[in-house]
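# Fold and geometry: a report
Spelled out, the chains give:
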Amino acid sequence: MNAIVALCHFCELHGPRTLFCTEVLHSPLPQGAGSGDIAGQNEQAEEEEGGIQMSSRIRSHSPAEGASADSSSPGPKKSDMCEGCRSLAGGHPGYVSHDKETSIKYVSHQHPNHPQLFSIVRQACVRSLSCEVCPGREGPIFFGDEQHGFVFSHTFFIKDSLARGFQRWYSIITIMMDRIYLINSWPFLLGKIRGIIDELQGKALKVFEAEQFGCPQRAQRMNTAFTPFLHQRNGNAARSLTSLTNDENLWACLHTSFAWLLKACGSRLTEKLLEGAPTEDTLVQMEKLADLKEESEGWDGSEEEEKPSSQPDVVEGQELSKSSPETSLMPDCNSWNVAHRRLSVFRSLRHMRQVLGASAFRMLAWHVLMGNQVIWKARDMDLVQSAFDVLRTMLPIGCVRIIPYSDQYEEAYRCNFLGLSPHVQIPPHILSSEFAVLVEVRAATRSSLYPTLFDDEQSLNKYEFVVTSGSPVAADRVGPTILNKIEAALTNQNLSVDVVDQCLVCLKEEWMNKVKVLFKFTKVDSRPKEDTQKLLSILGAAEEDNVKLLKFWMTGLSKTYKSHLMSTVRSPTSSESRN
């Protein structure tokens, strides 16, 4: 995260001052930082914490030193500083942490060496301790602009028995140029900075109570009420924060905390690039979720006497169960029950192709892509559900209508994936139809007929799969283009299962775009048949199987897309442009 975290103090003599700051460096260290690398390495006291390696490094000069700061240094001079304004002693090397994961350096010193950064931090320090404060003068606040950066500031008090009002005013500020990122990081920064403040206040409170117990300042001040305030402190106008907390390692601890804060805040938020409009699968999922929500609300408001005595049939073949709104699942949202996934037999399309064989799988996949009814008869319900879960990945979500398991045959208009128990009788005209395919799962006659393909899955050697159809697909038939590409991806052993899944997503999106063009051309614009044939040739889908596939996939278009096209056609501006 490109930001600077700084600790600021309001000095009673010199006003707002920066005590300690930590910045992120993606390039070599600032001027003079590299001259003492060897000396710094000799004095390293390295610590490993969260992937950050911390060490001390000598710089050629530091604005905090005052005496060695030249005229070009942006830091204040020694005469303008007191104990309360100073953090690192003269000649202190400062702190540098190396992030091994990202090769980023976190550098801590009293002031930034770069003049422009010094000016930005200085202005943020003044504003955080003067005008930009919240009610009560203690708490978080946000301010800034595009020119000087945006600041998250948290002001707080530290107990001091010698200070006016027995407390001194400090602030921790975070400065960056990205306003949105800083605002989104508000809860994180508030919690972590509040923790640092609590630790500082706790240490200072112990010192304050010990000093008050030894020499109560309140009674002493009342006895010398007419003595000038500065004189009654014996000239001790300010005390360092290390003295107030009695912690000699305070600045090293603050460096570690600030460096971790910058690293953690930069890694907790990631950006995702979303290109283009949502896909048709996403739109259909949203529509199904809305329909399911409305249906659930309807069930919640229905009266008990209206509930049917027997379990209702599956509506339109789009729900896995209908026992209650809570147990209803949509087949469009990849939401099979976790237990079913754990007990599933088929792991992927490649796995199914290995089990069924190349020719049987091609016949089955052809019927799936054409929108024909796919019937599985098996005693094992989990086997059928896993098969449907794998096969549905070849289709757009809007084209999937599943009845996973039934005790009676359902017509094709209700579902294109139907699971049946072995005793269910299928009508003869369905068995001989070219618009249906049947997969019968039988007990294998030989235990070694289907050897187990994976050691950790359920054994497949007890099953025999018989794929039949009234319209078998010839081996020499070209078939739809997308089927040939799917088979090419499945047979390519160099592609992992995850890569094949991404190939399926790309192929479906490619052909859904062709479906959109065809729908606009034929249904909305009502072009003649000759023009449609030319369009299909341009789209590379003039073959018979490709045309059937496009017509079937057209039923999977979302209602949102269709209504958008229709409303565009009906608008006066569109009709005028067409004329």
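Residues numbered from 1 in each chain as written. Predicted model: local features only at pLDDT ≥ 70, side-chain atom pairs only at ≥ 80, totals over all residues. Heavy atoms only, no water.

## Observations regarding the overall build of the protein
Regarding its fold elements, the protein presents 20 helices and 14 strands. The proportion of buried residues among the 579 residues of the protein is 48%. Within the protein, residue pairs in contact and separated by at least 24 positions form 69% of the contacts whose partners lie at least 6 positions apart. Working note: accessible area of the protein is about 29,500 Å², and carbon and sulfur atoms make up 53% of it. (Helix = DSSP H or I, 4+ residues; strand = E, 2+ residues; numbered from the N terminus. Buried < 20%, exposed > 50% of the residue type's maximum accessible area, 1.4 Å probe, protein only. Contact = heavy atoms within 4.5 Å. Areas by Shrake-Rupley, 256 points an atom, 1.4 Å probe, with all protein chains shown as cover.)

## Some points on the confidence of the model for the protein
Taken as a whole, the protein shows an average pLDDT of 77; of its residues, 72% reach a score of 70 or greater. Note on residues 56–72: pLDDT under 50 across the span, and 50 contacts to partners over four residues away in sequence or across chains. In the predicted structure, residues 572–579 sits below a pLDDT of 50 and forms four contacts with residues beyond four places in sequence or in another chain. (pLDDT = per-residue confidence, 0-100.)

## Focus: the packing of aromatic side chains
Think of a pair of aromatic rings as described by two things: how far the centres are apart, and how the planes are tilted against each other in angle. Considering all chains together, one arrives at 15 aromatic pairs under this definition. Taken together, the ring pairs connect F20, Y95, W251 and F258 into an aromatic cluster. Above the ring of F208, the side-chain terminus of K159 is found at 5.3 Å from the ring centroid. Against the face of Y561 rests K516, its NZ or CZ located 5.2 Å from the ring centre. (Phe/Tyr/Trp six-rings, centres within 6.5 Å; stacked < 30°, edge-to-face > 60°. Lys NZ or Arg CZ within 6 Å of the ring centre and 35° of its normal.)

## A closer look at the pattern of salt bridges
Within this structure, the stated rule accounts for 16 salt bridges. Across the pair E410 and R414 runs a salt bridge whose closest N-O atoms are separated by 2.7 Å. Residue E410 is classed as buried on the basis of its relative accessible area of 9%. Close ionic contact of E544 with K548 constitutes a salt bridge, the shortest N to O distance being 3.3 Å. Of this pair, E544 and K548 are both found in helix α18 (residues 544–553), four residues apart, which corresponds to roughly one turn of the helix. For E544, a relative accessible area of 51% corresponds to the exposed category. (Salt bridge = Lys/Arg side-chain N within 4 Å of Asp/Glu carboxyl O.)

## A word on the side chain of R362
In this structure, R362 sits in helix α12 (residues 358–370). Exposure remark for R362: the relative accessible area of 11% places this residue in the buried category. What R362 contacts, discounting residues up to four positions off in sequence, is R477, V478, G479, L483, N484 and E487.

## Thoughts on the nonpolar core
Of all hydrophobic cores here, the largest spans 64 residues; its most connected members are M352, W376, L391, F465 and W553. If one sorts the elements of this core by residue count, helix α16 (residues 497–524) sits on top with ten residues. Look past the residues within four positions of W553 in its chain and what remains in contact with it is L369, M394, L395, P396, C399, I482, K508, W511, M512 and V515. (Core = buried A, V, L, I, M, F, W, Y, C linked by side-chain atoms within 4.5 Å.)

## Points about the environment of Y463
Position of Y463 among the secondary structure elements: in strand β14 (residues 463–469). Given a relative accessible area of 11%, Y463 falls into the buried group. A sequence separation of 23 residues divides Y463 from E440, and the C-alpha atoms of the two residues are 9.7 Å apart. Only 3.1 Å separates the side chain of Y463 from the side chain of D380, close enough to count as a polar contact. (Polar contact = N/O pair within 3.5 Å; in protein donor to acceptor, adjacent residues only side chain to side chain.)

## Some thoughts on the environment of I120
Positionally, I120 belongs in helix α2 (residues 115–128). For I120, a relative accessible area of 13% corresponds to the buried category. As a C-alpha pair, I120 and F150 span 30 residues in sequence and 9.8 Å in three-dimensional space. Setting aside its immediate chain neighbours within four residues, I120 contacts H148 and I175.

## Some words on helix α13 (residues 381–391)
Among the eleven residues that make up α13, ten are buried, leaving the element largely enclosed by the rest of the structure. Regarding α13, the residues found buried are D382, L383, V384, Q385, S386, A387, F388, D389, V390 and L391. Here α13 starts with a cap whose side-chain oxygen sits 3.1 Å from the backbone nitrogen of D382, and that cap is D380.

## Considering unusual backbone geometry
The general pattern is negative phi for most residues beyond glycine and trans for most peptide bonds. The backbone of S103 sits at a positive phi, close to 55 degrees, despite the residue not being glycine. Positionally, S103 belongs in the loop between β5 (95–99) and β6 (104–109). What makes S103 exposed here is its relative accessible area of 59%. Phi at N246 is positive, roughly 55 degrees, even though this residue is not glycine. Of note, N246 is situated in the loop between α7 (241–245) and α8 (250–268).

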